[in-house]
Amino acid sequence: MRKLIVAVAALSVAAGVTGALPAQAQAVQQVRVDLGQRTGTFLGAGGGVLYGLSDDGVPSDNTLEPLRMHSIAQKPPAGAQHPNGDALVVADPFIRNGGEYVQIYVQDMYAQWEYENPGGVVPCNQVCFDDYMTKLAWVVDQASRSPHADRFVYVLFNEPDHIWYQLGTSDDAAYRTRMAAFLPQWKQAVQYVRAHHPGARVMGMNDATFHERNYADFLAYARDNDVLPDITSWHQLPSNSLDPASDNYFRTTYRTYRDLERSLGVSPRPININEYGGNRDLTVPGQLVKWTAMFEEAKVAAGGKAYWTAAGGLAGDVVQTNKPGAGWWFYKMYADMRGGQTVAVSRPDTTSVDAMEALAVVDDRRKQARIVAGGTASDFDVVVDGANRFGGRVNVTVSATTWSGQNSDAAPPEVLFLGDLTPKGGRLTVPIRGLDRAGDGGANADLMAAYEIVLTPGGKGSREPVARPWRAVYEAENAHITAGTAYTQGTVQNWNGAPASGNRDVGSLNQPDSAVTFGVDVPTAGKYRLGIMYGNQTGAHSQQALTVNGGQARFVDYEATMNWTWRTRADVVVDLVQGHNEIRLGKSHPAVGTAVGEATLDRLDLEQVAPAPQRLYEAELSQTTGPAGYAYDQPSQSGSGHLTLRRGGEALFVVYAEQDGYYDLDFRHSASKSGTVAKVGLDRREVGVLRGQPGGRFWDTDRQRLFLSAGVNRVTVNATAPMRLDRVTATPASGTVRSVEAEDATLAGTAAVRTNANASGGEFVGGVGNGPGNSVTFEVRAERAGQHMLVVHYANDERDTGHPYNTDIISRPLDVAVNGGEPARFWFKNTWSWGNWWARGVPVTLAKGRNVITLFNDPANGATAPSCPAPCRPVLDSGWAPDLDRFDIAPIRIG
C-alpha cells in the first residue's frame, strides 16, 4: 500500500493552515532553492513531442493551449512513414493554440523504417540522393505555399549516425568516407531550402546519439560553406542520458557541444533535443521532471518527447482525445512557470542515475515562486532561501501528481497542504513525504511522483480545508499470485520497456486457476472505489472474476488496450468491512464460470467513495494574458490573492470534469461599475457574461451552468471593464441531456445496424461513409436557439500495421450537417478495438424547435495532397466514418 502524505515544516506556523503537518523527519536528502540567485529567463520549451498530434482535433485544443508548447515534429505532407501527423495539417491546431514552430522530418516521406535506401549502399550514393532531392523539392514546394510557411523548420536528415550514412561507426576510415559523402549532400539540401523557401530554417544534424567527432566535423564544414544549421539538434533517448557517469549524460553532451562551438568560432546555435526519453520515462511525472530540469538548466531552446507508441496523444500524456494523464498535469505545472526567472537549484545527489531533480522560478509580476521536484524513492526536503521576499508570512501550496498509466485519465494534482508559514532568516523548509507503500514502514516514497510548491504572499484571505478521501495503492506483484508470473518492466537497463507501478506487473494469468489475491486494510466499513490498472492486448474486451472476502463473484470487464503494458484503469465499487479484506481477481470462479480473454495486472487504487467534489480554481494561479495584475491585499479574498484585470485582460482556467455533463461554475469577482464587466468563454466560445453589482458586498458571485466535456475544459474570463477576479468553483449539476441511439436514427445507403455486446443497447450503426449518401440522420428539438454539444459515442480501430514498433492507428472523420447547412468535419481517434466505445463532444448550433442532424463522411470534404513522389500517402482519409453507437445532445449553457 502507499498513502499520499506530505509534511510541511517551518520554524513557526501562522494561522490559516490546512492539511496534515506530520512531525519533522530525521535527516533526509535536501534540494535547495535560492530565490535570490537568478539564472535566466524561464524558457519552458521542453514539452514538445514527435508525432504528438495526428489530426486536427486529435488531441483536442483543450489539451494543447494550457501546455504552452513551443515546437513539435511531424511528417512531411503526404509522408509515407506514418498514416497521419501531416505537418501541414496539424500546423493549424498547433499554431492557433500558441505553438511556435513545426519541424518537418523530411525523410519521413519514405515508407520503411529504417528509411529505404534507393541506392542500396552506404553511404547514400547519387541514386539515393537524387531520389531524396526529388522528395525534398516536393516538400519544400508544399510547405512554402502554406499559410504557416514561416513556422516550418526542416529536419533534413534523421539519425544519419545510423541511417543511410552510418556515421556512428568506430571504424575511422569508414567514418571518413561516409562523412565525406554526407557533408556535400547536407550542403546541397540546405542551399535548396534556402533558395526555394526564403527565410525557412533548417535543423541538424539530428544524430540519434551525440558524437563529438561527428559534430566537430559537421560544424567546421558547415561554417566554411555557409550552411550552418539554424538550430542544432540531436537525440537523448536511453536512460544513460540521466546518468552522470555516462558519456551520453545530457549535461555532458551539452557542455561538449558548446565547447565545440567556441573552439570552432561558431556562434551559439539554439539547441533542440527533439527526441528524448524512452518508454520507461514518458508519461511518468517523476521521470519527466528530470529531463525538463536538465533542459531548463542548460537553457536548451526546445525539447521533444520521442515517438515510441501511437500518434495523437502527446506521447501518451493525453487519454482518448480530451482527457489528461498524469504526464499532462506535469507539463501543465511546467507551463505555469512561464513568465518567471529561473533560480539556482542545488540537488542532493549529482552522481547517481535517476537521482531526484527540481526546477524553480520566481515571478516578480505575479509575486510568486514555483518549484517542481520529484523522481526519487526517498523522502526529501525542499529548502527555500529568500522566501521572505513575500513578506513575514508566506502562503505555501503543495500539490502532487503520480503516474496514472498511458490510457487512464488523472484528476488534477492533489493539494496536499495549503497554508501560511513564517520563514526564519528568510528560509522555509518544505518536507515532502511522498507516496508510501504498505508493509515498508513508510520508508519509500514514489519514484513516479512529481510535486509542485507554489509560494505567494500570505497573511490575507481565507483557505478552504484540504479534504482528501482515504486511499491506498496495492501492487499486484506483492499480492498472492496463483498460476501467474510477475514481470519486470521498464528499468534503467531496459530503458525502452514500458513503465509499471513498482517496475513490475503480473501477467500470464491464462490458466483456469490463475488469480491474484490482494490483502487490503481499510479504516472503516463502507463502499470503496477499486481502480484496477491493467493491460489487455487481445483486441477485444476481456474479463476477470472478482470476489471480495469470498463473497458473490462477478465479472470485471476490461476494454482492449494497445498492448499488455499499455495501462488503463477499470473502476468498480466494492463493499469492504473495517480492517482486513481479501480481493481476488481470477481467470474463473465456480459461480460465474471462465472469464473471456486475458489481462495483465499492475496495481489496485483503492479509495473511499465520496460525493463528487467541488473543484476550486484560484484566480491568482490561473494563466493570464493582457493587462492582468496580481494582488494579495483583501482580507476576504479566497486563497492568498486575486487578479486585477483591465479591459482586454484574460484569465484562463483549466477546469476538469470527471464526465460529460453539466457543472455549475461560480465566478467570484468584484467591480466598481454595474453592467457587464467580463465575457465568459468555454473552449474559446463565448457562453456568458459577468456583471458588476457595486454598492453591496465586496465580492459578487455569478453562476453559469455549462456542459463540460469529460477531461479538461478551457474556461476564460475576458475583462471588458476594470474588475477583480477571485476564484472559480465547479460543482456537478443537473440538466436535461437528450439521447438518441444510432440504430433508431434514419439510415441511408450502406449504413446498417450491427450488433456488439459492449455497445449501448447491444447495437450500433456501421457502414457510414464513402460519400454523403451513406449516412445517419436524426431529429432533435431545441428549447432555444444556440450552441449545443453533440456527444458522439463511437468505435474505430482502423490501422496500418506495417511499422516495426509504432502502432500506426488511424483516426476517422465525421461530417456533421445541421438542417442541411454546410457540414463541419471532426476527427475521431482510434479506440484500440472495434468493441471499445469512446465519446467525443463536438459543438453544433441549433435553431429553436425542430432540427435535423446528418452524419456522414464525404471524402471530398477532406484534405488531399497533389501528386507526390512515390512512396507517399496522397489521401489522408480512408473514406469511412467511425462506427456509431449513441448521440447525446445538450445546450452548452442553461439557465
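You'll find the structure just up there.
Residues numbered from 1 in each chain as written. Predicted model: local features only at pLDDT ≥ 70, side-chain atom pairs only at ≥ 80, totals over all residues. Heavy atoms only, no water.

Draft legend 1. Region of the structure containing the overall build of the protein. Scanning the protein for helices and strands turns up eight helices and 58 strands. Oriented by its inertia axes, the alpha-carbon framework of the protein measures out at about 75 × 75 × 70 Å. Here the protein holds 895 residues, and 61% of them are scored as buried. Sequence-distant contacts in the protein: of pairs separated by 6 or more residues, those separated by 24 or more amount to 79%. Total accessible area computed for the protein in this model is approximately 30,700 Å², and 48% of it derives from carbon and sulfur atoms. Side-chain charges of the protein comprise 82 positive and 95 negative groups, with the mean position of each set lying 7 Å from the other. (Helix = DSSP H or I, 4+ residues; strand = E, 2+ residues; numbered from the N terminus. Buried < 20%, exposed > 50% of the residue type's maximum accessible area, 1.4 Å probe, protein only. Contact = heavy atoms within 4.5 Å. Areas by Shrake-Rupley, 256 points an atom, 1.4 Å probe, with all protein chains shown as cover. Lys, Arg positive; Asp, Glu negative; His and termini not counted. Charge placed at Lys NZ, Arg CZ, Asp CG, Glu CD.)

Draft legend 2. How the structure looks around the sheet that holds strand S25 (residues 515-522). Strand order in the open sheet formed by five strands is S22-S25-S30-S27-S28, with antiparallel pairing between adjacent strands. Here the strands that pair on one side only, and so sit at the sheet edges, are strand S22 (480-482) and strand S28 (554-558). Strand-to-strand twist of the sheet, defined as the mean angle between neighbouring strand axes without regard to direction, takes the value 25°. With five bridges joining them, strand S27 (residues 542-548) and S28 adopt antiparallel strand pairing. (Pairing = 2+ DSSP bridges. Axes fitted to C-alpha atoms, helices over the stretch in contact; angles between N-to-C directions.)

Draft legend 3. Representation of the environment of Leu53 within the structure. When you line up the elements, Leu53 lands in the loop between strand S3 (48-50) and helix H1 (61-64). The exposure class assigned to Leu53 is buried, which follows from its relative accessible area of 0%. In the structure, Leu53 is positioned 11 residues away from Leu64 in sequence and 9.6 Å away in space, judged by C-alpha atoms. Other than its neighbours up to four places away in sequence, Leu53 contacts Val58, Pro59, Leu64, Ile72, Gln74, Gly85, Val90, Pro93, Phe94, Gly312 and Leu314.

Draft legend 4. Layout of the packing of helix H3 (residues 126-144) against helix H4 (residues 172-196). Where H3 contacts H4, the axes come no closer than 10 Å and their chain directions differ by 25°. One finds that H3 runs roughly parallel with respect to H4. Helix-helix and strand crossings are classified by hand; for H3 and H4 the assignment is right-handed. Residue-level contacts link Phe129, Tyr132, Met133, Leu136, Ala137, Val140 and Ser144 of H3 to Gln185, Gln188, Ala189, Tyr192, Val193 and His196 of H4. For the contact of H3 with H4, a count of residues per class yields nine nonpolar, four polar and no charged. (Parallel < 35°, antiparallel > 145°, perpendicular 65-115°, else oblique. Left-handed = near helix turned anticlockwise from the far one by under 90°. Nonpolar A, V, L, I, M, F, W, Y, C, P; charged D, E, K, R; others polar.)

Draft legend 5. Fine view of the side chain of Asn206. Among the structural elements, Asn206 can be located in strand S7 (residues 201-207). Taking relative accessible area as the criterion, Asn206 reaches 0% and is therefore assigned buried. Reaching out from Asn206, the side chain makes a polar contact with the side chain of Ser233 at a distance of 2.7 Å. (Polar contact = N/O pair within 3.5 Å; in protein donor to acceptor, adjacent residues only side chain to side chain.)

Draft legend 6. Layout of the side chain of Asp726. Looking at the element boundaries, Asp726 is found in strand S44 (residues 723-732). Separated by 2.8 Å, the side chain of Asp726 and the backbone nitrogen of Ser638 make a polar contact. Excluding residues that lie within four positions of it along the chain, Asp726 makes contacts with Glu618, Ala619, Glu620, Gln637, Ser638, Gly641, His642, Arg668 and Trp699.

Draft legend 7. Region of the structure containing H3. Between its terminal C-alpha atoms H3 stretches 26 Å, which fits the 27 Å expected from 19 residues at 1.5 Å a residue. Residues of H3 that are buried: Cys128, Phe129, Tyr132, Met133, Lys135, Leu136, Trp138, Val139, Val140, Gln142 and Ala143. A distance of 3.2 Å separates the backbone nitrogen of Val127 from a side-chain oxygen at the start of H3, and that oxygen is part of Asn125. (Expected span 1.5 Å × (residues − 1).)

Draft legend 8. Fine view of the packing of aromatic side chains. A full pass over the atoms with the stated rule returns 42 aromatic pairs. Arranged with centres 4.8 Å apart and planes meeting at 25°, the rings of Tyr51 and Tyr307 form a pair that is stacked. Within this pair, whereas Tyr51 is found in the loop between S3 and H1, its partner Tyr307 is found in the loop between strand S10 (302-305) and strand S11 (318-319), the two being separated by 256 residues in sequence. Assessed through its relative accessible area of 6%, Tyr307 is described here as buried. Taking the centre distance of 5.8 Å and the plane angle of 70° together, the rings of Trp308 and Trp495 count as edge-to-face. Of the two residues, Trp308 sits in the loop between S10 and S11 while Trp495 sits in the loop between strand S23 (485-488) and strand S24 (504-507), which places them 187 residues apart along the sequence. When the ring centre of Tyr101 is taken as origin, the NZ or CZ atom of Arg201, which lies over that ring, is 5.0 Å away. Lying across the ring of Phe828, Arg840 places its NZ or CZ 5.7 Å from the centre. (Phe/Tyr/Trp six-rings, centres within 6.5 Å; stacked < 30°, edge-to-face > 60°. Lys NZ or Arg CZ within 6 Å of the ring centre and 35° of its normal.)

Draft legend 9. A look at the pairing of S25. With six of eight residues buried, S25 lies mostly within the body of the structure. Two strands pair when backbone bridges link them, and S25 and strand S30 (residues 579-586) are joined in this way by eight bridges, in the antiparallel orientation. Looking at S30, one finds that Val520 is bridged to Asn581.

Draft legend 10. Local environment of the sheet that holds strand S38 (residues 650-657). With antiparallel pairing, five strands are arranged side by side in an open sheet as S35-S38-S43-S40-S41. The outermost strands of the open sheet, each flanked by one partner alone, are strand S35 (623-625) and strand S41 (685-692). When the angles between neighbouring strand axes are averaged without regard to direction, this sheet yields 25°. Pairing geometry for S38 and strand S43 (residues 711-719), over eight bridges, is antiparallel. Counterpart to Ala651 in the pairing with S43 is Val717. Packing of helix H8 (residues 326-335) onto the sheet brings it into contact with S35, S38 and S43, and relative to S38 it is tilted by some 165°.

Draft legend 11. Local environment of the pattern of salt bridges. For the structure on display, the rule yields 52 salt bridges. Of the charged contacts, one joins Arg176 and Asp217 as a salt bridge, the two residues approaching to 2.8 Å between their closest N and O atoms. Taken as a pair, Arg176 in helix H4 and Asp217 in helix H5 (residues 212-224) lie far apart in primary sequence, 41 residues in all. Judged by relative accessible area, Arg176 falls into the partly exposed class, the value being 42%. For Asp217, a relative accessible area of 23% gives the class partly exposed. Note that Arg194 is salt-bridged to Asp230, the shortest N-O span being 3.3 Å. Of the two residues, Arg194 is situated in helix H4 and Asp230 in the loop between H5 and strand S8 (231-236); the sequence distance between them amounts to 36 residues. Look at the salt bridges and you will find they share partners, linking Glu414, Arg468, Arg471, Arg529 and Glu607 into a network. (Salt bridge = Lys/Arg side-chain N within 4 Å of Asp/Glu carboxyl O.)

Draft legend 12. Representation of the nonpolar core. In terms of nonpolar packing, the biggest core is built from 151 residues, with Tyr132, Tyr154, Leu156, Phe182, Trp186, Phe653 and Met723 touching the most fellow members. Element by element, the count of residues in this core is highest for H3, at nine residues. Core analysis: the second largest hydrophobic core is formed by 33 residues, Ala751, Val765, Val780 and Val816 among them. (Core = buried A, V, L, I, M, F, W, Y, C linked by side-chain atoms within 4.5 Å.)

Draft legend 13. View of the state of the cysteines. In the structure shown here, the tally under the stated rule is two disulfides. Note that Cys124 is cross-linked by a disulfide to Cys128, the S-S spacing being 2.0 Å. Between Cys124 and Cys128 the sulfur-sulfur dihedral comes to about -105°; the bridge is accordingly left-handed. Taken as a pair, Cys124 and Cys128 share a single burial class, namely buried. (Disulfide = S-S within 2.5 Å.)

Draft legend 14. View of the packing of H5 against helix H6 (residues 250-264). Two elements in contact, H5 and H6, have axes whose closest approach is 10 Å; the angle formed by their N-to-C orientations is 35°. The two elements H5 and H6 cross, and the hand of that crossing is right-handed. In contact with Glu212, Tyr215, Ala216, Leu219, Ala220 and Arg223 of H5, H6 contributes Thr256, Tyr257, Leu260, Glu261 and Leu264.

Draft legend 15. Region of the structure containing H8. Across the 10 residues of H8, 10 count as buried, placing the element largely inside the fold. Buried within H8 are the following residues: Ala326, Gly327, Trp328, Trp329, Phe330, Tyr331, Lys332, Met333, Tyr334 and Ala335.

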